[in-house]
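# Examining the three-dimensional arrangement
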Amino acid sequence: MSATHKSILMLGCFDTKGEVFSFLRQCLLAQGEAVLAVNTGVMGTTENYPVDIEADLLAKEAGFSISGLREAADRGHAVQVMGKGAALVVARLVAEGRIKGAIGMGGGGGTYIALSAMQSIPLGIPKLCLSTIAAKDLSRQVGNKDITLMPSVVDVAGLNSISRLLIAQAAAAICAMANVQPTEDAVRAGSIAISMFGNTTSCVKHCTALLEKQGYEVLAFHATGVGGRTMEALIREGCFDAVLDITTTELADELCGGICSAGPDRLSAAAEMGIPQVVVPGCLDMVNFAQPDTVPEQYKSRQLYSWAPDVTLMRTNEAENRLLGEELARKVSRSTAAAVLLPLRGISQVDAVGGVFHRPDIDQVLFDAIKEHTDEQVPVMEVDAHINDKAFAGTAVKVLLDLVAKSKARQQQ
């Protein structure tokens, strides 16, 4: 389906906010766009304009009936159900190629449902939510999606001089974004995801330069939790030809409760998608916390280092490194096109000789666990270099390109 036949998806509770959505729809139509209206309101609908998908279908998709939700009178449960149902319905609309952009409006409940639905929309299809709570921390609801949040300033409960202006601007914004055509890049050999941290920046820069010389586009993801989750999500969306996972530190934060955890699925997507990956235990010598007073009580006696006023690093110990090595090995062993590289002279900037976290004995526990538990089909290569040495970057890039070449050869057979 061509972009000219696609619609702007309009999501919202038409039962209580029919008037404002009617105005939003008029603004979208005035921009020359078709509108696909999806009602997420539990208590009813509107007669002000045609509704393409009603709330009873959303409830049914989530395994409930709209009458049952009304009778239960449990607002929190209803919001959760409608968010789940909306996400399922929107996923189908995306698969059918029916939408070019999505816009929602609401207060707390309406925002939650709209953002839940937008999780089903892939990168590149614009998503905008005009919300009364846009200024709050909605990072969990936004997740790794390219969602634009716009404060409504006044409540989304009626039309007035402020709401009319902001709704009209929101409509103009989503329509403009939906009609942006991607720029044509030069022909590239492929796209590669790479993970980085301040402690592995030099390595990533060297790798990026080498890969770009070979014609690859390289996209770096900051391993702060959100970065890792975003990288994994985009791998699953088919955005990359290979992964150079230099910085797997988010595994340590998941194990120890640090602030940079990317969740239990980190280091899973490349194997699931069957694309080549080179994995390095970069920065597994550290767990990330915020200010010193935020470090959990059980860790206050451990070796801590202030990387910045709001970043406190904790050195991982032997027991943690053994578990991390086993976890990394278990996940990478699921891959059919992978290799693990071990930088024997240090796995982070502060793990170099003379660095505050330089403990080769603890690193060796990590390396031994990786070698012991990695499946024999995945080579584990020891490199006599520090992770930030140019020699290590050169080896990592060579190994990755070899895997890519072998993968392409298999596909051509």
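Residues numbered from 1 in each chain as written. Predicted model: local features only at pLDDT ≥ 70, side-chain atom pairs only at ≥ 80, totals over all residues. Heavy atoms only, no water.

### Side note on empty space enclosed by the protein
Spelled out, the test is: Of the two site types, the cavity is a set of points on a 1 Å grid over the protein atoms alone where a 1.4 Å probe fits but cannot get out, and the pocket is an open set with protein on both sides within 12 Å along at least five of seven lines, each lined by residues with an atom within 4 Å of a point. Grid points are joined across faces, edges and corners, and a volume is the space filled by probe spheres set on the points. Here a helix means four or more residues in a row that DSSP labels H or I, a strand means two or more in a row labelled E, and each is numbered from the N terminus. Side-chain classes are defined by residue name, with Ala, Val, Leu, Ile, Met, Phe, Trp, Tyr, Cys and Pro counting as nonpolar, Asp, Glu, Lys and Arg as charged, and the others, Gly among them, as polar.
Applying the stated criterion to the full structure yields 2 cavities of 30 Å³ or more. Empty space within the largest cavity amounts to approximately 40 Å³. In this structure, the largest cavity is lined by Leu130, Ser152, Val154, Asp155, Val156, Ser163, Leu166 and Ile167. Among the elements that take part in the lining of the largest cavity, helix α7 (residues 161-178) stands out by supplying 3 residues, more than any other. Partitioned by chemical class, the residues of the lining of the largest cavity number 5 nonpolar, 2 polar and 1 charged. The space that makes up the second largest cavity amounts to roughly 30 Å³. Lining the second largest cavity are Met231, Glu232, Ile235, Val243, Asp245, Leu267, Ser268, Ala269, Ala270 and Gln277. Listing elements by their share of the lining of the second largest cavity, those giving two or more residues are α9 (226-236), β8 (242-247) and α11 (269-273). Top contributing element to the lining of the second largest cavity by residue count: α9, with 3 residues. Class assignment for the residues of the lining of the second largest cavity results in 6 nonpolar, 2 polar and 2 charged.

### Overview of the pattern of salt bridges
So the rule is basically this: Counted as salt bridges are all cases of a side-chain nitrogen of Lys or Arg within 4 Å of a carboxyl oxygen of Asp or Glu.
Scanning the entire structure with this criterion turns up 19 salt bridges. For the salt bridge of Asp384 with Arg345, the shortest nitrogen-to-oxygen distance reads 3.0 Å. Here Arg345 lies in the loop between β13 (338-343) and α13 (360-373) and Asp384 lies in the loop between β14 (380-383) and α14 (390-412), a separation of 39 residues in the sequence. Here the salt bridges do not stand alone but share partners, grouping Glu232, Asp245, Glu250 and Arg266 into one network.

### Regarding the nonpolar core
Generally speaking, nonpolar side chains in soluble globular proteins are found buried as a group. What counts here: Among buried residues, those of type Ala, Val, Leu, Ile, Met, Phe, Trp, Tyr and Cys that are joined through side-chain atoms within 4.5 Å constitute a nonpolar core. Here's how the labels work: a residue is buried when its accessible area is under 20% of the maximum for its type, exposed when over 50%, partly exposed in between, all with a 1.4 Å probe on protein chains only. Should any heavy atoms of two residues lie within 4.5 Å, those residues are considered in contact.
Counting 35 residues, the largest nonpolar core has Leu9, Met82 and Ile121 as the members making the most contacts within it. Elements with a contribution of two residues or more to this core: β1 (7-12), β2 (34-39), α2 (55-61), α3 (66-72), α4 (75-95), β3 (99-106) and α5 (108-118). If you tally residues by element for this core, the top one is α4, at 9 residues. Those residues within four positions of Met82 in sequence are excluded, and the remaining contacts are Thr40, Val42, Ala55, Leu58, Ala59, Ile66, Leu69 and Ile113. Within the second largest apolar cluster, 26 residues are counted, among which are Tyr216, Ala339, Ala385 and Val399.

### Here we look at the packing of aromatic side chains
Under the convention used in this document: Between 30 and 60 degrees the pair is tilted, below 30 it is stacked and above 60 it is edge-to-face, where a pair is any two Phe, Tyr or Trp rings, Trp via its six-membered ring, whose centres lie within 6.5 Å. By definition here, charges over rings are those cases where NZ of Lys or CZ of Arg is within 6 Å of the ring centre and within 35 degrees of the ring normal.
As enumerated under the stated definition, the model contains 5 aromatic pairs in all. Joined through ring pairs, the aromatic side chains of Phe14, Phe21 and Tyr49 make up one cluster. Note that Arg164 overlies the ring of Phe23, its terminal NZ or CZ placed 5.2 Å from the centroid.

Such coordinate-based values are descriptive only and should not be taken to indicate function.
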